[in-house]
Amino acid sequence: MDDLEYLNPTIERMAKSELIKLQEERLRKLMTYLRDHSNFYKKLLKNEKIDFNDIKTLHDLKRLPFTSKQDFRDNYPTGMFCVPLDKLVRYHASSGTTGRPKIVGYTKNDIHEWSKSLARGLISLGIGKDDVIQNSYGYGLFTGGLGFHYGAEMIDATIIPTGAGGTERQITLMQDLESTVMTCTPSYFLHIAEIVESLGINLRKDTKLRAGVFGAEPWSEDMRQRIEDSTGIKAYDVYGTSELSGPLFTECIHQNGLHVWADQYIVEIINPTTGEVLDDGERGELVVTTLLKEALPLIRYRTGDITNIISEKCECGRTSPRIMRIHGRTDDMLIIRGINVFPSQVESVLLKIPELSENYQLIITRKHELDRMAIKIEVSKIYKKSEFLSIKKKIINDLRNVLNLSVDVELVEAGVIPRSMGKATRVIDKRKI
Ligand code: DLL
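Below: a short report on this structure. Everything numeric in this text was worked out from a predicted model, so none of it was measured.

**Examining the nonpolar core**
No. 1: Judged by nonpolar contacts, the single largest core of 66 residues is most densely connected at Met-31, Phe-249 and Ile-323.
No. 2: For this core, the element with the most residues is helix 6 (residues 108-124), which contributes 6 residues.
No. 3: Excluding anything up to four places from it in sequence, Met-31 contacts Phe-52, Ile-55, Leu-64 and Ile-299.
No. 4: Ile-364, Leu-399, Leu-405 and Val-407 belong to the second largest nonpolar core, which has 24 residues in total.

Set out below in structure tokens:
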């Protein structure tokens, strides 16, 4: 690869030992910055009897306490900020389903660093100035739309800021302005593809679309396969959370883990129950420390997302660590009659059955103290009654074999499950209502 394929070749290909030196240097600066500017962390470290000056190496990081989602709620709206509010150039807020939203603020430099993360990612996907990016992530308080917008501008790509929704108009614009890349949630892309087909348009022949950068919600490797096989585009994963800025880490063309920008972020994996730091390759909760953020730096932020880290250099030449596809969230693991189930595991089983579509919902109920999981899923076409019965049987058997779980299955026809423009609702847990 030559330098044109990196935004910051020196950083992106830096030897591991140099990268660690850089991280430690930035960690020490962060400690000084927090000591001078963060009331929140001053109090937290004082309570834990830790001196900012004692944190010098990556090894010392383990001594620091975690920051949690609850801290955002307790310090709503801006109690964790480290700059006077007139230094902010933008706010976003998380889409929290319960309680207060988490408010995130950015200085000009925060926006610049955030844009850089995504610009690096887009370049690593072979996306550049000749591309037309149709950005169908929501614009507004959600970070997806504006995050990608600024990242795409940094690499001089042409951006169509459609935002989410208005699906038929999206398709017209995709054809008329010759979009080559779509950025949106995987579930929204599936919906767009469905409407494209119903309009008699062939995505392969009648559009220039060649790639999608999909994230903001869980999706499985089997879902990727389905999208690529049915539409002919390359489907890439992107991860991030509002608290850390928004969308941040993407895969590269090798589709083997999402590149973490180690000059900007330190990642760790912990055992979510004990807080113990796990080794490379071990699966646990992703914890992130921001190295360059000014308005809202975070120490050891517990994302709640389950993944593992791989540290080997990637085939693309980048040396940064990678996180693997998000397996689930610590708080979306379902316990059904004592069996731990991540919705992504159920998705993987379902999408291996060709007669089923990608549109499904898991409905959890409790009757007479007994949990039940019902799967409501659309079939890909109309089947005879006998075929219906054998599809149902296959779902029940496959889930029993893989997860040791017995479920109820309801097969429904296309269009019954509500479609989503943003994050899809895959699980309805009626036990919580
Ligand atoms: O979803 C930021 C984002 C925008 C990421 C656009 C990617 C693309 P939040 O609304 O705060 O921020 O939601 C963050 O979404 O903790 C994960 O649980 C989930 N999530 C995000 N990306 C992925 C992904 C944005 N690629 C929460 N796979 C995170 C699985 C994801 N889950």
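**Details of the environment of Pro-247**
No. 1: By the element assignment, Pro-247 lies in strand 8 (residues 246-250).
No. 2: Taking the C-alpha atoms as reference points, Pro-247 and Leu-146, separated by 101 residues in sequence, lie 9.7 Å from one another.
No. 3: What Pro-247 contacts, discounting residues up to four positions off in sequence, is Trp-114, Leu-118, Thr-143, Gly-144, Gly-147, Phe-148, Val-238, Tyr-239 and Gly-240.

**Brief notes about the packing of aromatic side chains**
No. 1: In the structure shown here, the tally under the stated rule is 8 aromatic pairs.
No. 2: Ring geometry for Phe-81 and Tyr-91: centres 6.4 Å apart, planes at 35°, overall tilted. With Phe-81 in the loop between helix 5 (69-74) and strand 1 (90-93) and Tyr-91 in strand 1, the pair connects residues that are 10 residues apart, well separated along the chain.
No. 3: For the pair Phe-249 and Tyr-265, a centre-to-centre distance of 5.5 Å together with 80° between the ring planes defines the contact as edge-to-face. Of the two residues, Phe-249 sits in strand 8 while Tyr-265 sits in strand 10 (residues 265-270), which places them 16 residues apart along the sequence.
No. 4: Judged by relative accessible area, Phe-249 falls into the buried class, the value being 0%.
No. 5: Residue Tyr-265 is classed as buried on the basis of its relative accessible area, which comes to 4%.
No. 6: Chaining the aromatic ring pairs together yields one cluster made of Phe-189, Phe-214 and Trp-219.
No. 7: Residue placement shows Arg-13 over the ring face of Tyr-6; its charged tip is 4.7 Å from the ring centre.

**Quick notes on the packing of helix 6 against helix 7 (residues 143-154)**
No. 1: Taken N-terminus to C-terminus, the directions of helix 6 and helix 7 make an angle of 70°; their axes are 7 Å apart at the nearest point. Accordingly, the angle class assigned to the pair helix 6 and helix 7 is roughly perpendicular. Between helix 6 and helix 7, the contacting residues are Ile-111, His-112, Trp-114, Ser-115, Lys-116, Leu-118, Ala-119 and Leu-122 on the first element and Thr-143, Gly-147, Phe-148, Tyr-150, Gly-151, Ala-152 and Met-154 on the second.
No. 2: Among the residues forming the contact of helix 6 with helix 7, the class breakdown is 9 nonpolar, 5 polar and 1 charged.

**Overview of the pattern of salt bridges**
No. 1: This model, assessed by the stated rule, comprises 29 salt bridges.
No. 2: Here Lys-116 makes a salt bridge to Glu-113, at a shortest N to O gap of 3.2 Å. Taken as a pair, Lys-116 and Glu-113 lie in helix 6 at a separation of 3 residues, close to a single helical turn.
No. 3: With relative accessibility at 15%, the residue Lys-116 sits in the buried group.

**Things to note about the sheet that holds strand 14 (residues 322-323)**
No. 1: Taken in spatial order, the 3 strands line up as 9-14-13 in an open sheet, and their pairing is antiparallel. Of all strands in the sheet, those bounded by a partner on one side alone are strand 9 (258-259) and strand 13 (309-310).
No. 2: In this structure, strand 9 lies alongside strand 14, joined through 2 bridges in antiparallel fashion. When the sheet's bridge partners are listed, His-259 is paired in strand 14 with Arg-322.

**A closer look at the pairing of strand 8**
For a regular strand, side chains alternate in direction, first toward one face of the sheet and then toward the other.
No. 1: The element strand 8 is largely enclosed, with a buried count of 5 among its 5 residues.
No. 2: Two strands pair when backbone bridges link them, and strand 7 (residues 234-241) and strand 8 are joined in this way by 4 bridges, in the antiparallel orientation. Bridge pairing in strand 8 links Gly-240 to Pro-247.
No. 3: Hairpin connection from strand 7 to strand 8: 4 residues lie between these consecutive antiparallel strands, with Ser-245 at a positive phi of about 140°.

**Points about a negative patch on the surface**
No. 1: A cluster of acidic side chains, namely Glu-276, Asp-279, Asp-280, Glu-282 and Glu-312, defines a negative patch on the protein surface.
No. 2: Tracing the backbone shows Asp-279 in the loop between strand 10 and strand 11 (284-290).

**Thoughts on the site of the ligand**
No. 1: In the region of the ligand, 22 residues are neighbours, and Asp-237, Val-238, Ser-242, Asp-305 and Lys-423 sit closest.
No. 2: Taking Glu-217, its main chain carries an N or O atom lying 3.3 Å from a nitrogen atom of the ligand.
No. 3: A distance of 2.6 Å is found between an oxygen atom of the ligand and a side-chain nitrogen or oxygen belonging to Asp-305.
No. 4: The protein chains hide 94% of the 610 Å² of surface that the ligand would expose on its own.
No. 5: Elements supplying a minimum of two residues to the shell around the ligand: helix 7, strand 7 and strand 8.
No. 6: Ranked by the residues each element gives to the shell around the ligand, the list is headed by strand 7, at 5 residues.
No. 7: Class assignment for the residues of the shell around the ligand results in 8 nonpolar, 8 polar and 6 charged.

**Describing the state of the cysteines**
As used here, a disulfide is simply a covalent bond connecting the sulfur atoms of two cysteines.
No. 1: Tallying each qualifying case throughout the model produces 0 disulfides.
No. 2: No disulfide involves Cys-252; its sulfur sits 3.7 Å from the nearest other cysteine sulfur, which is in Cys-314.

**Some remarks on the sheet that holds strand 15 (residues 328-329)**
In a beta sheet, neighbouring strands pair by backbone hydrogen bonds and run either parallel or antiparallel.
No. 1: On the basis of which strands lie adjacent, the open sheet formed by 4 strands has the order 10-11-12-15 and antiparallel pairing. Both edges of this open sheet fall to strand 10 and strand 15, since each of them pairs with a single strand only.
No. 2: When strand 12 (residues 301-307) meets strand 15, the two strands line up antiparallel, connected through 2 bridges. In the sheet register, Asp-305 faces strand 15, and the bridge partner there is Arg-329.

**Some details on the side chain of Glu-378**
No. 1: Summarising the element assignment, Glu-378 is placed in strand 19 (residues 370-379).
No. 2: The class of Glu-378 is buried, set by a relative accessible area of 1%.
No. 3: From its side chain, Glu-378 meets the backbone nitrogen of Ile-417 in a polar contact 2.8 Å long.

Definitions and cut-offs
Residues numbered from 1 in each chain as written. Predicted model: local features only at pLDDT ≥ 70, side-chain atom pairs only at ≥ 80, totals over all residues. Heavy atoms only, no water. Core = buried A, V, L, I, M, F, W, Y, C linked by side-chain atoms within 4.5 Å. Buried < 20%, exposed > 50% of the residue type's maximum accessible area, 1.4 Å probe, protein only. Helix = DSSP H or I, 4+ residues; strand = E, 2+ residues; numbered from the N terminus. Contact = heavy atoms within 4.5 Å. Phe/Tyr/Trp six-rings, centres within 6.5 Å; stacked < 30°, edge-to-face > 60°. Lys NZ or Arg CZ within 6 Å of the ring centre and 35° of its normal. Axes fitted to C-alpha atoms, helices over the stretch in contact; angles between N-to-C directions. Parallel < 35°, antiparallel > 145°, perpendicular 65-115°, else oblique. Nonpolar A, V, L, I, M, F, W, Y, C, P; charged D, E, K, R; others polar. Salt bridge = Lys/Arg side-chain N within 4 Å of Asp/Glu carboxyl O. Pairing = 2+ DSSP bridges. Patch = residues over 30% accessible without salt bridge, like charges linked within 9 Å, V, L, I, M, F, W, Y side chains within 5 Å. Areas by Shrake-Rupley, 256 points an atom, 1.4 Å probe, with all protein chains shown as cover. Lys, Arg positive; Asp, Glu negative; His and termini not counted. Charge placed at Lys NZ, Arg CZ, Asp CG, Glu CD. Near = heavy atom within 4 Å. Polar contact = N/O pair within 3.5 Å; in protein donor to acceptor, adjacent residues only side chain to side chain. Disulfide = S-S within 2.5 Å.

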